[in-house]
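Observations on chain architecture
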Amino acid sequence: MPKLNGVLETALYVEDMARARAFFEGVMGLEAFTADHRFTAYGVGADSVLLLFLRGETLETVILPGEMGTIPPHDGNGRVHMAFAISARELEAWEAQLDDHGVIIEGRTHWPKGGESLYFRDPDGHLLELATPGVWPNY
């Protein structure tokens, strides 16, 4: 069986790109790698990229310049879940950051292996999680 090295990209579909960017840049502290009217790409940690797509704007095949190729159509509906990995020592600072921006923490979990999770929503209602090590056997 060929080996997988990790999850490189996670995509969220948003209704209002400016509102989503304000949240992910202002509250979450992310900096865009690249952006246009229909998508924004953020680096998260050393090996991950968070993609925001404007809902309904990715329904056609994208033809890239030159011989680069194509990106098939995709889209998503509904509120989804994703988690950001954080260190345990950053948990309290993240709680303060969310509070300072009026973001409501909807849930907390203390996992059996010692990890902790905070759950909250972005402006599109996606459930976001901040998770410390000890949540999964590999994290």
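This text goes with the structure placed above it.
Residues numbered from 1 in each chain as written. Predicted model: local features only at pLDDT ≥ 70, side-chain atom pairs only at ≥ 80, totals over all residues. Heavy atoms only, no water.

The description of an aromatic ring pair rests on the distance of the ring centres and on the angle between the ring planes. Tallying each qualifying case throughout the model produces 4 aromatic pairs. Centroid distance Phe 23 to Phe 24: 5.1 Å. Interplanar angle 85 degrees. Geometry classified as edge-to-face. On the basis of relative accessibility, which here comes to 8%, the residue Phe 23 falls in the buried class. Between the aromatic rings of Phe 24 and Tyr 42, the centroid separation amounts to 6.5 Å while the plane-to-plane angle is 35 degrees, which identifies the pairing as tilted. On the criterion of sequence distance, the pair formed by Phe 24 in helix H1 (residues 17-26) and Tyr 42 in strand E3 (residues 39-44) is long-range, its members being 18 residues apart. By way of ring pairs, the aromatic residues Tyr 13, Phe 39 and Phe 53 are connected into one cluster. (Phe/Tyr/Trp six-rings, centres within 6.5 Å; stacked < 30°, edge-to-face > 60°. Buried < 20%, exposed > 50% of the residue type's maximum accessible area, 1.4 Å probe, protein only. Helix = DSSP H or I, 4+ residues; strand = E, 2+ residues; numbered from the N terminus.)

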